[in-house]
Amino acid sequence: MAIHISGLATGAPRRWPAVGIDLGTTNSLIAVVNSEGKPEILSGPDGPLVPSVIEMTEQGEFLRAGVGADTDLALHPDRTLYSVKRMMGRSAEEILHELKFLPYKVHGSRDSAAVRIEVAGRLYTPPELSAFVLKTLKQRAEAALGREVKQAVITVPAYFNDAQRQATKDAGRLAGLEVLRIVNEPTAAALAYGLDKRAQGRIAVYDFGGGTLDVSILHMHEGMTEVLATAGDTHLGGDDIDEAMVRAVAGPLLDAGIDVRGQPEVLQRLRKACIAAKKALSTEEHAEMACDLAPLSPQPLAMTWTRTQFEALIAPIVRKTLVPCRQALADAGLQLADLDDVILVGGSTRIPLVQQQVQAVFGKKPHAELDPDLVVALGAAVQADIMTTGRRDQLLLDVTPLSLGIETVGGVVSKIIHRNSPVPASASEEFTTSVDQQTGVWVHVLQGERELVKDCRSLARFLIPIEPLPAGLARVQVHFLIDANGILHATARDVRTGIEKTIEVKPSYGLTDDEVVAMLQLAFDHAEDDLDERLFLDAHTEAKQVLAATSKALAGPAANLLDAEELQDIQGEIASVQAALATRQAEPVRQALARLNEATLHLAEIAMTAAIQTVAHSDRIRQALEQAPRDPASAKPHHGPRIG
């Protein structure tokens, strides 16, 4: 497919053209589908790329974004900001290891874990700063199209979590754009290559950009683009290569008494010189690097990089990118022979070592025909066109990277939407209570692959009021909806009264680099132990509830209706359950519970009849019961998971 780069879309543009935006860590682009149905990059006087760099005035107000700001990066490093995308939805603690290489000030907020960037005493959030880049792109498009631009599809790394996606939407809104959809960058790349038009195919997309790494396995079939699996790192990209080069040069300089860390201007000049050398080494075996070290040294730095030295330096970073490749393929349930194509996306894939390693891990020579910097924006434009014109019949099915669930009694996670479920996704599950006469239930929303709450990530908690009933009679339905943008909406509803509460889960910041990878690795490493512990905790919770209910029934009038043999059998089985609990193994507890349940069938019938009669005497409860479906089963205890 041909790439079109122009200052004006061909043909008469639509009144309100929807654009596609690649909001990148290093560079950003904007594209549109012209009247001929072809995607094209909207270029400006300085070319198609808009550096994701924002320059502020001495008073801390926005001055400009793009090429001009990038040019002044070394002149005004304290008020010229870059790599903001890496801070979207993150905390200062999570980026602590790299703050020493940033010439501007980054703070943690007083009332939130989200970071703030300080310029001339003024604090800005990453979405506010990203909005300046988006406004610059919006103005470029409006100048090229001669029309106001109101709607956009914006791409994000597939591994962006809810907070990072929401931050991207917020940035679009602040820029005056209606964000039609947040689309995963790998999916957009496949659209740009036109691979969605093929009848059938499985494609690996390796997206190594300035700040993020994404590896996605796509399935193209019958006009549908389905993401089978995705893996990656929201904090691994070309910036890490730049920092490694800067450190490699700064170390010997420090040994010579020249500390560039205390001189932001020198540090930025050094960084730009390293980036220039990196780009040259993608096509040459040697690269000369020169950098003015004034005022630290009257002599400028002059050195030669060889590709061998460069590749030895970055080899650990490149190897780190291969782990998600194997993870995504395994999650998709595919072998190397099942792949039809491999696509390279992102400027960092121009590095020969990266191309070699990707070919080695996937066993296929990757596609690199299209400019890796442009393909994501082109694909975003295609998706924007699909959503606003219906010109093509194309369905995108992304996936959620980590499972979502809620806490149940015993500190156990009950998963509602599982990892790699197609997005949009919707699922519900009913829960009951564990305590008599509860008036409310806390719903604790969790993310992760482990079986226990302590090993997963907390996203949100909210309280749903419920009608006070005996334990096991209440029914609370929890419904999860992940929308097309990957944002979770959680609803809890009292089935009997219809009272419900919905929240949009917006965690204050995202996962750290290590957490993203470690959550999956730990789930794999501890799968067997976690399952054993989960099964025992489930059995333990059920046993405690059954023992409590049995003791309560035995202390009540129902016990008087049992004969001595029945009472003796029940007491014996109670002792068996207590002994089984001491083993901390699920199966002995389950077997003992089964025997106790059989022994208490008559007692349970008597006790339940009495409980229902007591409930019916309440006018308010009687009305709720009359409004409920007339299903005999609805009057029975709910034996599903219990929440506190």
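A. Spatial organisation of the sheet that holds strand 6 (residues 54-56). Across the sheet, which stays open at both edges, the three strands sit in the order 7-6-8 with antiparallel pairing between neighbours. Among the strands making up the open sheet, the edge pair consists of strand 7 (62-65) and strand 8 (80-81). Pairing analysis gives three bridges linking strand 6 to strand 7, with the strands arranged antiparallel. For Ile-54, the partnering residue across the bridge sits in strand 7 and is Ala-65.

B. The confidence of the model for the chain, seen in detail. Averaged over every residue, the pLDDT of the chain is 81; residues scoring 70 or more account for 82%. Counting contacts from residues 507-517, a segment whose pLDDT is below 50, to residues more than four positions away or on other chains yields 40 contacts.

C. Fine view of the nonpolar core. Of all hydrophobic cores here, the largest spans 51 residues; its most connected members are Tyr-206, Leu-270, Met-289 and Phe-362. The element that contributes the greatest number of residues to this core is helix 7 (residues 307-331), accounting for eight residues. Setting aside its immediate chain neighbours within four residues, Leu-270 contacts Val-246, Val-249, Val-260, Met-289, Cys-291 and Leu-301. Among the nonpolar cores identified, the runner-up in size contains 47 residues, and Met-56, Tyr-82, Ile-117 and Val-156 belong to it.

D. Molecular detail of the pattern of salt bridges. Within the structure shown, the criterion is met by 19 salt bridges. When the shortest N-O distance is used, the salt bridge between Arg-173 and Asp-170 registers 3.9 Å. Taken as a pair, Arg-173 and Asp-170 lie in helix 3 (residues 162-174) at a separation of three residues, close to a single helical turn. Each of the salt bridges in this network shares a partner with another, and the network as a whole consists of Glu-55, Arg-64 and Asp-72.

E. Structural context of unusual backbone geometry. Following Ala-294, the chain continues to Pro-295 via a peptide bond in cis, the omega torsion being 5°. Examined against the element boundaries, Pro-295 turns out to sit in the loop between strand 17 (286-291) and strand 18 (301-306). The phi dihedral of Ala-120 falls on the positive side, at around 50°, and the residue is not glycine. Within the secondary structure, Ala-120 sits in the loop between strand 10 (115-119) and strand 11 (122-124).

F. Up close: the pairing of strand 22 (residues 412-417). Buried residues dominate strand 22, accounting for six of its six residues. Bridge count between strand 21 (residues 404-408) and strand 22: five bridges; the pairing is antiparallel. Following the sheet pairing, Glu-407 is matched in strand 22 by Val-413.

G. Geometry of the sheet that holds strand 11. Ordered in space as 9-10-11, the three strands form an open sheet in which the pairing is antiparallel. The open sheet has two edge strands with one neighbour each: strand 9 (105-108) and strand 11. Sheet twist, expressed as the mean angle between neighbouring strand axes with direction ignored, is 40°. Here strand 9 runs beside strand 10; their pairing, made up of four bridges, is antiparallel. From the neighbouring strand, Val-106 faces strand 10, where its bridge partner is Ile-117. Docked against the sheet, helix 2 (residues 126-145) engages strand 10 and strand 11, running at close to 80° with respect to strand 11.

H. Region of the structure containing the packing of aromatic side chains. With the rule as written, the count across this model stands at four aromatic pairs. Between Tyr-82 and Tyr-104 the ring centres are 5.9 Å apart and the planes differ by 85°, which places this aromatic pair in the edge-to-face class. Placement of the pair is Tyr-82 in the loop between strand 8 and strand 9 and Tyr-104 in the loop between strand 8 and strand 9, with a sequence separation of 22 residues. The exposure classification of Tyr-82 matches that of Tyr-104, with both residues buried.

I. Region of the structure containing the environment of Gly-486. Along the chain, Gly-486 turns up in the loop between strand 27 (476-482) and strand 28 (488-494). Separated by 304 residues in sequence, Gly-486 and Ile-182 place their C-alpha atoms 7.8 Å apart.

J. Representation of the packing of helix 5 (residues 238-255) against helix 6 (residues 264-280) in the model. In contact at an axis separation of 9 Å, helix 5 and helix 6 are set at 115° when each is read in the N-to-C sense. The angle between helix 5 and helix 6 falls in the class roughly perpendicular. Of the two elements, helix 5 crosses helix 6, and the hand of that crossing is right-handed. When helix 5 is examined against helix 6, the residues Gly-238, Ile-241, Asp-242, Met-245, Val-246 and Val-249 are found in contact with a partner set consisting of Leu-267, Leu-270, Arg-271, Cys-274, Ile-275, Ala-277 and Lys-278.

Conventions we followed
Residues numbered from 1 in each chain as written. Predicted model: local features only at pLDDT ≥ 70, side-chain atom pairs only at ≥ 80, totals over all residues. Heavy atoms only, no water. Pairing = 2+ DSSP bridges. Helix = DSSP H or I, 4+ residues; strand = E, 2+ residues; numbered from the N terminus. pLDDT = per-residue confidence, 0-100. Contact = heavy atoms within 4.5 Å. Core = buried A, V, L, I, M, F, W, Y, C linked by side-chain atoms within 4.5 Å. Buried < 20%, exposed > 50% of the residue type's maximum accessible area, 1.4 Å probe, protein only. Salt bridge = Lys/Arg side-chain N within 4 Å of Asp/Glu carboxyl O. Axes fitted to C-alpha atoms, helices over the stretch in contact; angles between N-to-C directions. Phe/Tyr/Trp six-rings, centres within 6.5 Å; stacked < 30°, edge-to-face > 60°. Parallel < 35°, antiparallel > 145°, perpendicular 65-115°, else oblique. Left-handed = near helix turned anticlockwise from the far one by under 90°.

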